[in-house]
Amino acid sequence: MTGVRFVLALAVVLSHMAHVSGLFDGPLQMGLGALEPLAAAAVTGFFILSGFVLTWAHRAGDRPRAFWRRRLWKIFPNHVLAWALAVAFFASTGAGQVLTMRTGHGPGAAAANLLLLQAWVPDADWFFSLNTPAWSISCEAFFYALFPALLVLVLRIPAHRLRAVWAGTVLVILTLPLIALTIAGPVLYEWLPVNENSLWFGYVLPPVRLPEFVLGIVTARLLQTGCLPRPTRAWTRVLPAAVLLSVPFLPPQYALGAAMAAPMAVVIAGLALADVEDRSGRLAGPAAVALGDSSYALYLIHFPLLLIARWLLGVDHTFTAWTGCSAVLALAVLSVGAARVVHRCYERPLTRAWSRPASRRPALPGPTRPRQEQPGRASWKQVERTRRE
């Protein structure tokens, strides 16, 4: 399950590097717009995965205050770092629009972005301000604030009713884009067939994305109670591919992630079951786990690096297919390397030092202590055993 985080983050990174960067021109640039539904599906996957993992790893007796503290120190340091890089970029360069999408950087937008409130403002210069991917972290902060109460409610649902709740949650997710269709507003991007207000409501607004997080919670409960039908390879591979291929024939609001919610939930359940049964394959390998551990840093840090690189390459300069693809690959590799450094030298030390009260923090190993085992990937069996204890 850790490895799949990197796959989701990489889909977003490649979409931004290849399409949003505007490195290409003409038909190739237009064709790269096909990456956007993949990136939107990846964000949906993150929202569902968050609800799933938090529910699966929940311990009886875990208090909301302790949960919120852990979440704060998990998400905020990386967010502040990426925010500061974006602020420094715009302050030092005086740049306007660097990419194919507007990236607001006014004082109000910067303050809202820092406090993770930008997704609540129906203005693209605010919700896509500075480090643009942080809009989804604004949603996650809202989800985390509600999680203790949501979990209590879901735990009260009888096991035999969980399937109906799961189907009802999917129905809500599929209905919300129909509401977004009715919302008028100004054109935001020439390459995006969704206006600014409709995009904000259907893609960015935290309460509208909340059902995807809830879907992850209910999917975890289905698996824990044994009420989830065993996901077959046909369901975990054919279903997502079939839905993704159908997206171009649906209203454009469905390409923003809603269409892929149910398939992503099935895929995540299948991956969790494979992890429990020790058959995760390459996604459980050391390299995949290491990349997955740094996926959050990758998700946030790649955008400031893209802004800097696009500025250095020339905002209006476009490249041939070969040169542009080489630049995309180089930027992606650079982002992955930077994310590994941020995770190991910044994110992990801060999380370990401050995510728990001082009385519960692990003691630092001294010269007389036996060598401690290096932290590695906790299997889902271990997580489940801890949860039950």
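Residue numbers run consecutively from 1 along every chain, following the written order of its sequence. The model is predicted, so local features are restricted to residues of pLDDT at least 70 and side-chain atom pairs to those at 80 or more, both for listing and for counting; the totals for chains, interfaces and linings are taken over all residues. Neither water nor hydrogens contribute to the side-chain values; these are computed over all heavy atoms in the structure.

Whenever I open this one, helix α12 (residues 261-276) confuses me. Can you help?
Since the α-helix advances by 3.6 residues per turn, residues separated by three or four positions end up pointing in the same direction. For α12, built from 16 residues, the straight-helix expectation of 22 Å at 1.5 Å per residue is met to within 8% by its first-to-last C-alpha distance of 23 Å. Think of it in three bands: residues with accessible area under 20% of the maximum for their type are buried, residues over 50% are exposed, and the middle band is partly exposed, with areas taken using a 1.4 Å probe on protein chains only. Strands are runs of DSSP state E lasting at least two residues, helices are runs of H or I lasting at least four, and both sets are numbered from the N terminus onward. Of all 16 residues making up α12, 14 are buried, and the element is well covered by its neighbours. Just downstream of α12, aspartate 278 is the residue with a positive phi angle, here 55°. Each residue after the first adds 1.5 Å to the expected span of a helix.

When you look at the packing of aromatic side chains in this model, what are you seeing that I'm missing?
The geometry of an aromatic ring pair comes down to the distance between the two centres and the angle between the two planes. In this scheme Phe, Tyr and Trp rings, the latter by its six-membered ring, pair at centre separations within 6.5 Å, and the angle between planes marks the pair as stacked below 30 degrees, edge-to-face above 60, and tilted otherwise. Counted under the stated rule, the structure contains 16 aromatic pairs. The interplanar angle of 10° and the centroid separation of 5.7 Å between the aromatic rings of phenylalanine 52 and tryptophan 56 together place this pair among those described as stacked. A residue pair is termed a helical-turn pair when its members lie 3 or 4 positions apart in one helix, as phenylalanine 52 and tryptophan 56 do in helix α3 (residues 35-56) at four residues. For the pair shown, phenylalanine 52 and tryptophan 56 are each scored as buried. Seen from their ring centres, phenylalanine 89 and tryptophan 311 are 6.3 Å apart, and the 85° between their planes marks the pair as edge-to-face. Placement of phenylalanine 89 in helix α4 (residues 64-93) and of tryptophan 311 in helix α14 (residues 295-313) is noted, with a sequence separation of 222 residues between them. For phenylalanine 89, a relative accessible area of 5% puts it in the buried group. An aromatic cluster is built from Phe47, Phe67, Trp120, Trp135, Phe142, Phe143, Tyr144, Phe147, Tyr203 and Phe213, whose rings are joined through pairwise contacts.

Please explain the confidence of the model for the protein chain as it appears in this structure.
Interpreting fine coordinate detail is not advised for predicted regions of low pLDDT. On average, the protein chain scores 89 in pLDDT, and the residues at 70 or more come to 92%. The model gives residues 363-389 a pLDDT under 50, and that stretch makes 32 contacts with residues more than four places away or in other chains. The predictor attaches a confidence to each residue, and that confidence, scored 0 to 100, is pLDDT. Contacts are residue-level and defined by heavy atoms, with any inter-residue pair within 4.5 Å sufficient.

So what exactly am I meant to see when it comes to the side chain of glutamine 253 here?
Within the fold, glutamine 253 resides in the loop between α11 (233-246) and α12. You can call glutamine 253 buried: its relative accessible area is 8%. In contact with glutamine 253, other than residues within four places in its own chain, are Pro177, Ala180, Leu181, Val194 and Ser198.

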